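Chain residues, written in single-letter form:
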Amino acid sequence: MEFRPVKRTTGAFQQSLPPEEIKAVCDRAFGPESRLLSAVELGLGMYNSTYKVELAGQDRPVILRVAPEPGSQFRSEQQLMRNEYASVPWLAVIAPLMPRVIAADWSHEVIGRD
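In this report, we go over the structure that sits alongside the text. (Residues numbered from 1 in each chain as written. Predicted model: local features only at pLDDT ≥ 70, side-chain atom pairs only at ≥ 80, totals over all residues. Heavy atoms only, no water.)

Counted by the stated rule, this structure contains eight salt bridges. The salt bridge involving Glu 109 is made with Arg 28; its shortest N-O contact spans 3.0 Å. A residue pair is termed long-range when its members are at least 10 positions apart, and Glu 109 in the segment after helix 2 (80–86) and Arg 28 in helix 1 (residues 19–30) qualify at 81 residues. For Arg 28, a relative accessible area of 43% translates into the label partly exposed. Among the ionic pairs, Arg 113 bridges to Glu 69, the shortest N-O distance being 4.0 Å. On the criterion of sequence distance, the pair formed by Arg 113 in the segment after helix 2 and Glu 69 in the loop between strand 4 (62–66) and helix 2 is long-range, its members being 44 residues apart. Using a relative accessible area of 5% as the deciding quantity, one classes Arg 113 as buried. One salt-bridge network, in which partners are shared between bridges, spans Arg 28, Asp 105 and Glu 109. (Salt bridge = Lys/Arg side-chain N within 4 Å of Asp/Glu carboxyl O. Helix = DSSP H or I, 4+ residues; strand = E, 2+ residues; numbered from the N terminus. Buried < 20%, exposed > 50% of the residue type's maximum accessible area, 1.4 Å probe, protein only.)

And the structure:
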């Protein structure tokens, strides 16, 4: 499996997930039989850690977005991705222009972040 994280300092706001956690997230979303081929961190955002993920059997790559550690977020940023997700039905008029959400997990059972 190819894994390319963005190199950051230890105390940086965004922190990369280790490959085993990316695999665990993919297993939750696509089932334990999913086979992760690559995870390349894009490093373009200012808030979430974002990966282009390729899985065997999928026609196209998917994007994985992971919120920062809860303890590193300001109070106003808490659950920001959840709020974004909750707004999707209100954006139905422009839905064809938006990425389709395949899965969302706020349980923190797989990783300790949204």
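Let's shift gears to the packing of aromatic side chains. Applying the stated criterion to the full structure yields two aromatic pairs. Summarising the aromatic geometry, the rings of Phe 13 and Tyr 47 are spaced 5.7 Å apart at their centres and angled 50° between planes, so their arrangement reads as tilted. Here Tyr 47 lies in the loop between strand 2 (36–41) and strand 3 (49–55) and Phe 13 lies in the loop between strand 1 (2–4) and helix 1, a separation of 34 residues in the sequence. Ring geometry for Tyr 85 against Trp 106: centres 5.7 Å apart, planes inclined by 65°, an arrangement best described as edge-to-face. One end of the pair, Tyr 85, is in helix 2; the other, Trp 106, is in the segment after helix 2, and 21 residues separate them in sequence. Its relative accessible area of 40% is what places Tyr 85 among the partly exposed residues. (Phe/Tyr/Trp six-rings, centres within 6.5 Å; stacked < 30°, edge-to-face > 60°.)

Going residue by residue along strand 4, you find Val 62, Leu 64 and Val 66 tucked away on one face and Ile 63 and Arg 65 left uncovered on the opposite face. In terms of strand pairing, strand 3 meets strand 4 through five bridges, oriented antiparallel. In the sheet register, Val 53 faces strand 4, and the bridge partner there is Val 62. Joining the antiparallel neighbours strand 3 and strand 4 is a turn of six residues, in which Gly 57 adopts a positive phi near 90°. (Pairing = 2+ DSSP bridges.)

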